[in-house]
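Residue strings, one per chain:
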Amino acid sequence: MLVADEVATYHPVLTENPYQPHMARIVRIHKMVENNHLFTLRFLEDQLAHSFRHQPGQFIMLSVPGAGEMPISISSSPSRPEVLELCVRRVGRVTDALYRLKTNDLVGVRGPYGNGYPMQEIMANDVLLAAGGLGMAPLRSLLWYALDHRDKFGNITLMYGAKRPEDMLFREELVALVDRTDINCLLTVDADPSGAWKGHVGLLPALFDYAKIDPARTYAAVCGPPVVYKFILQRLLDLGFPKNRILMSLERRMKCGVGKCGHCSIGYKYTCMQGPIFTYWDAINLPEMI
Amino acid sequence: MKILKLPKGKLDLFASVVQQFGELHAPVEQDGKYVFKRLARWPDARLEYDRTILPPKKYFLPPRETLFRYRPGEGFVPSTDGLDQRIVLFGVHACDVYAINILDQVFLGKYKDPYYQARRRNIAIIGIDCTPDKQCFCRSMRADFVDHGFDLFFYDTGDYYQALVGTALGDDMVLATGNLFEPVGPADIDAYKERSWNKRRAFHLDVEIRDLSEIFEMEYESGIWDQLGRKCLSCGSCSMVCPTCYCYDVSDDVELGSRAGKRTRSWDSCLYFNHALVASGENFRRDRASRIKFRFYHKQRGFVAEYGRPSCVGCGRCVSACPVNIDTAQVIDRLRRVEDVGSR
Ligand SMILES: Cc1cc2nc3c(=O)[nH]c(=O)nc-3n(C[C@H](O)[C@H](O)[C@H](O)COP(=O)(O)OP(=O)(O)OC[C@H]3O[C@@H](n4cnc5c(N)ncnc54)[C@H](O)[C@@H]3O)c2cc1C
Ligand code: SF4
Ligand code: SF4
Ligand code: FES
């Protein structure tokens, strides 16, 4: 390897490297739910912390030094810049390594990547957010973006379901939305053994009974495990949603995030480039989509 | 384009001059097959060869490559190992140059890959025309001739090599030889045309790729995929030897007894079980049939949607490499064939 001062400064590997992780400090670890912690990051370089901009629905590639790199949705809204909030579920090698880190430890970040939600199209329409389980992670960015630019959107409805109250991501902040009048925040749990839950109990699709939705002027953003897609998509179609107004956020294995490594391909699209937000119309035209 | 000719007897002289532009690599014989390798001496070069085991992609996208080194306190430092080495690849066939042009579309398009970019800049390509054998279908894939992507390209026209000069570097190579190259006249042009015609007639295989995308869509549920899935061993050889397969895996390793480490990428294959596996245990292409279908679908249909042409150049390597004789041209042919309803 060449030592830094021997290398001509224009070397593309050093100056324009899309794989270059930028170091960021973990400023806070919030143990929202067992094995689903919220990590707040701030870039070491102030310049980058100020200039980093993303769209709701985009993701970053997060490096845990020595362990690896993985795609993680940005859970914070672009309307609240300077830090990035990531909700990470502990599932394997790299996420385990992340969970061993403490506040002030360093991670690497590159991005943002992916198309994000089509905000220009969505604005001025009603928005329905429907999430199950970890699906709240990418939707939270959209939720706060809409709430922070409240006058730019029509009615906002959130339907979110978790197994039990203690499994609900962002529970405190979402419960606080229930009383707000500028959003219809519907939260449900499959079961409530503790008996302390004041919200709905039952499966996610049951929340449609409490929502007033006009399919002709609404964009629906859906995210969650496969069962959520299975039940919610059918429901939306029955309501008469146009297929290109149903937006889904998809997960695929990703090794580069920039259309090179081939892992994230679905049919003929790369999830990292043309996704991770796809319309239902894409879904029925791409094999292997859901 | 500048077109010149080199008397065949002067080829070794040309080769010795060209070495000043970089380390000379060319096909050499190894156990009855051919490989691109650094030349120990010029006579080892085999310019009349069928196909090399691995395509020249190994120079631009090495099988294993360090991207970054990680040191606590320093973060991820890009590795520049080997990127500035100058190499002259002598004797690259048209389909392989074409394949590199296809890789350019992926690696030098949006989000340029700087490692690939550096290697592409530092590795010169001198192409050479060839005679198809019974596994070649580059003509069907429109990759039997190539009009860019090389520095020089040689056509054997009998007593001469006719040379297309593709880049300023190619021109410098010509100039460096003094007056070895000569201008071409009408007789040379006729000699070229005859060669071109003969090449055309030498093909054994012919597959039709027009509307192949549509046929792939229609035959997505075809029983052929299950049949292929039962044969395929998921060994990944077809991906490794393919000049346009570029999937890679990335892994981080920590040096023993320290917190420093490195990030490496290495060739991968969509035929491997874990290619589309995610942490939830979900695997979007769990069975072999879906994986081999994906390989064909992506090359012959997916790539067309994204980049305007199939990513297969018809080099025939996957056919030679496959232990169970899965034959790309045959698969395309079978998909296109009209079968009577009864046999479905
Ligand atoms: C666009 C996108 C957004 C995501 N957002 C989030 C998020 O906000 N929060 C969260 O917890 N998880 C998210 N994921 C999933 C997350 O990337 C995986 O859980 C993570 O890669 C698992 O890594 P691991 O090493 O701990 O698991 P292992 O099972 O040990 O994984 C090994 C490797 O497999 C691959 N892999 C495994 N699972 C997935 C997966 N689901 N998606 C993509 N690659 C995978 C990765 O390359 C990983 O390095 C997202 C995935 C994508 C594609
Ligand atoms: S798919 Fe087979 S024939 Fe086509 S370029 Fe790749 S190795 Fe060559
Ligand atoms: S070389 Fe043949 S057996 Fe091996 S993965 Fe490719 S198609 Fe399957
Ligand atoms: S993540 Fe590598 S191509 Fe999409």
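Residues numbered from 1 in each chain as written. Chains lettered and ligands numbered in written order. Predicted model: local features only at pLDDT ≥ 70, side-chain atom pairs only at ≥ 80, totals over all residues. Heavy atoms only, no water.

Participant: Sorry if this is basic, but what is going on with the overall build of chain A here?
Facilitator: Helix and strand content of chain A: 8 helices and 15 strands. Here chain A has a C-alpha radius of gyration of 20 Å; the compact-globule value for 290 residues is 19 Å, and the two agree. Along the three orthogonal principal directions, the C-alpha set of chain A runs to about 70 × 45 × 35 Å. Within chain A, buried positions represent 57% of all 290 residues. (Helix = DSSP H or I, 4+ residues; strand = E, 2+ residues; numbered from the N terminus. Rg over C-alpha atoms; globule rule 2.2 N^0.38 Å. Buried < 20%, exposed > 50% of the residue type's maximum accessible area, 1.4 Å probe, protein only.)

Participant: How should the site of ligand 1 be read in this particular structure?
Facilitator: P71, R89, T95 and R252 of chain A together with A279 of chain B are the nearest of the 24 residues found near ligand 1. In this structure ligand 1 sits where residues from chains A and B come together. G92 of chain A has a polar backbone atom sitting 3.2 Å from an oxygen atom of ligand 1. Contact between ligand 1 and R253 of chain A: an oxygen atom at 3.1 Å from a side-chain N or O atom of the residue. Relative to its unbound accessible area of 820 Å², ligand 1 is 90% covered by the protein chains. Those elements giving two or more residues to the shell around ligand 1 turn out to be β4 (68–73), β5 (84–89) and α3 (93–100) of chain A. Here the shell around ligand 1 gets 5 residues from one element, more than from any other, and that element is β4 of chain A. Considered class by class, the residues forming the shell around ligand 1 number 14 nonpolar, 3 polar and 7 charged. (Near = heavy atom within 4 Å. Polar contact = N/O pair within 3.5 Å; in protein donor to acceptor, adjacent residues only side chain to side chain. Areas by Shrake-Rupley, 256 points an atom, 1.4 Å probe, with all protein chains shown as cover. Nonpolar A, V, L, I, M, F, W, Y, C, P; charged D, E, K, R; others polar.)

Participant: Could you clarify how one ought to interpret the site of ligand 3 in this entry?
Facilitator: Around ligand 3 lies a shell of 13 residues, among which C232, C235, G236, C238 and C322 of chain B are the nearest. Classifying every residue of the shell around ligand 3 by side-chain character gives 10 nonpolar, 3 polar and no charged.

Participant: Sorry, what's going on with the domain arrangement of chain B here?
Facilitator: One frequently used descriptor of interface size is the decrease in accessible area upon assembly of the parts. All names here are of chain B. Split by domain assignment, chain B resolves into domain 1 (2–202) and domain 2 (212–336). Between domain 1 and domain 2, the residue contacts involve 39 residues of the former and 36 residues of the latter. Between domain 1 and domain 2, the buried area comes to about 3300 Å², and carbon and sulfur atoms account for 60% of it. Looking only at domain 1, the three residues that lose the most surface to domain 2 are K57, F137 and M141, adding up to 19% of its buried area. Inspection of the region where domain 1 meets domain 2 yields 3 salt bridges. For R265, the salt bridge identified is with D113, shortest N-O distance 2.9 Å. Counting every contact that joins domain 1 to domain 2 gives 20 residue pairs in polar contact (both at pLDDT 80 or more). Counting residues per element, the ones that place at least two in the side of domain 1 that touches domain 2 are α2 (57–60), β4 (64–71) and α3 (94–107). With 9 residues, the top contributor of residues to the side of domain 1 that touches domain 2 is α3. Of the residues in the side of domain 1 that touches domain 2, the class split is 25 nonpolar, 4 polar and 10 charged. (Domains from an automatic or database assignment. Contact = heavy atoms within 4.5 Å. Buried area = accessible area lost by both parts, 1.4 Å probe. Salt bridge = Lys/Arg side-chain N within 4 Å of Asp/Glu carboxyl O.)

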